[in-house]
Amino acid sequence: MMTLTRAECARILKENDDFTILTHGGPDGDTLGSAAALCRGLRQIGKKAWVLENPQITERFQHLLEGLTKPEAENRDVLIAVDVAGARMIPEEMRHLAEKVDLRIDHHGSGTPFAEAELVDSSAAACSEIIYDLLSLLNVNLDTPIANALYTAVATDTGCFRYANATGNSFALASECAYVSPDIFKINQRLFDTVTLGRLRLQSWVVENMQLLQNGRIAVCAIPADIQERLGLADEDMGNLSGFLRSIEGVKMSATVRQDNEGHTGFSVRAVPGYDAAAVCEKLGGGGHKGAAGAGMMDVTMEEAMQALLAALPDLSEC
């Protein structure tokens, strides 16, 4: 595995032509926005570039990838993974490509290397900050579609710049995007100020079924496979429930355990500054940031998954 600087990574992008970009499972605004911006930027300088179709993308972010996706990678393609902390984060349908990934661009300091060459900067609040630097080195013009993708990415991973990971670079990128795009208000409204009735029903269910542990410092909730159908929810209603639990007064760390109908169990952990969500998820085979992390398991019962989570949680009762 070769570790790259931004300049070295930009040179690889300049010297090659055919690219396919991979995103992570349960794709959020950062992985999709980073992929869309990189794809559009490469096309702008005359490269052939596509984003591999991700079956888990929700309607909330589909517009970012309009006209950019293809169903399969070809043998000649340079495979790039963006915002993917480890091979296990790649959706099952495309995980066979993990060992073929040529370049990984990421900002997860606790990630597991799996690509031939890697550019990882854990000081970046969002992967899109790294993508912006690369596009600048490639002399890409920051047009409205690229700005919208980059802004969506950095705003998503910083909680609209409310999270502790937001830095001056995050605000600087947002500023550059705001100079170019007339859509910043619409993006913020869609991402942060609009809640569906289904989401409200789900939040109500979570409040009724959550557990407060360790003197209220940790909140956890087990979410069964049939809850989406039972409450009549759209896919986009299901996102960031651990963040919702974290917003409860007094909670320092929150976690959800969610199962689907195909035997997969996902863990999502959030923590306030001073606590480490990534350390919890690393014990479960995953990773991420101190403030937000995730992991997954196959073919375990909800009881087994909850036992594994509880064993991985730190003791905050005396904090």
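Residues numbered from 1 in each chain as written. Predicted model: local features only at pLDDT ≥ 70, side-chain atom pairs only at ≥ 80, totals over all residues. Heavy atoms only, no water.

1. Focus on the overall build of the protein chain
How we decide: Strands are runs of DSSP state E lasting at least 2 residues, helices are runs of H or I lasting at least 4, and numbering of each runs from the N terminus. Under the scheme applied here, a residue whose accessible area is under 20% of the maximum for its type counts as buried, over 50% as exposed, and between as partly exposed, the area being computed with a 1.4 Å probe on protein chains only. Note that accessible areas follow from Shrake-Rupley with a 1.4 Å probe, and for residues the cover is restricted to the protein chains shown. Here Asp and Glu are counted as negative and Lys and Arg as positive; His is not counted, and neither are the chain ends. Taken as the charge centre is NZ of Lys, CZ of Arg, CG of Asp or CD of Glu, depending on the residue.
When helices and strands are tallied, the protein chain shows 11 helices and 13 strands. Dimensions of the protein chain, computed from C-alpha atoms along their principal axes, come out at roughly 55 × 40 × 40 Å. The burial tally for the protein chain puts 49% of its 319 residues in the buried class. Accessible area of the protein chain: about 14700 Å², with a carbon and sulfur share of 48%. When the 27 positive and 44 negative side-chain charges of the protein chain are each reduced to one mean point, those points stand 3 Å apart.

2. Some points on unusual backbone geometry
Phi at F161 is positive, roughly 70 degrees, even though this residue is not glycine. Positionally, F161 belongs in the loop between α4 (144-157) and α5 (168-180). Residue D299 is not a glycine yet carries a positive backbone phi of 55 degrees. Structurally, D299 is set in the loop between β13 (292-298) and α11 (302-312).

3. Regarding the sheet that holds strand β11 (residues 264-271)
Note the threshold: Any two strands are treated as partners once DSSP identifies two or more bridges connecting them. Throughout, a contact is declared for two residues whenever any of their heavy atoms are within 4.5 Å. Throughout, an axis means a line fitted to C-alpha atoms (over the contacting stretch in the case of helices), and angles, computed between N-to-C directions, take values from 0 to 180 degrees.
Read across the sheet, six strands follow the order β8-β9-β10-β11-β13-β12 without closing on themselves; strand pairing throughout is mixed. Across the chains shown, the open sheet's two edge strands, defined by having one partner strand only, are β8 (211-213) and β12 (287-288). Alignment of strand β10 (residues 253-259) against β11, held across seven bridges, turns out to be antiparallel. Residue pairing in the sheet places V257 in a bridge with F267 of β11. Of the strands in this sheet, β8 and β9 (218-223) touch helix α7 (residues 197-209), which is tilted by about 115 degrees from β9. The strands touched by α11 within the sheet are β8, β9, β10, β11 and β13, with β10 carrying the most contacts at an inclination of about 160 degrees.

4. Quick look at the environment of Y179
Considering the arrangement of structural elements, one finds Y179 in helix α5. For the pair formed by Y179 and A147, sequence separation is 32 residues and the distance between their alpha carbons is 9.1 Å.

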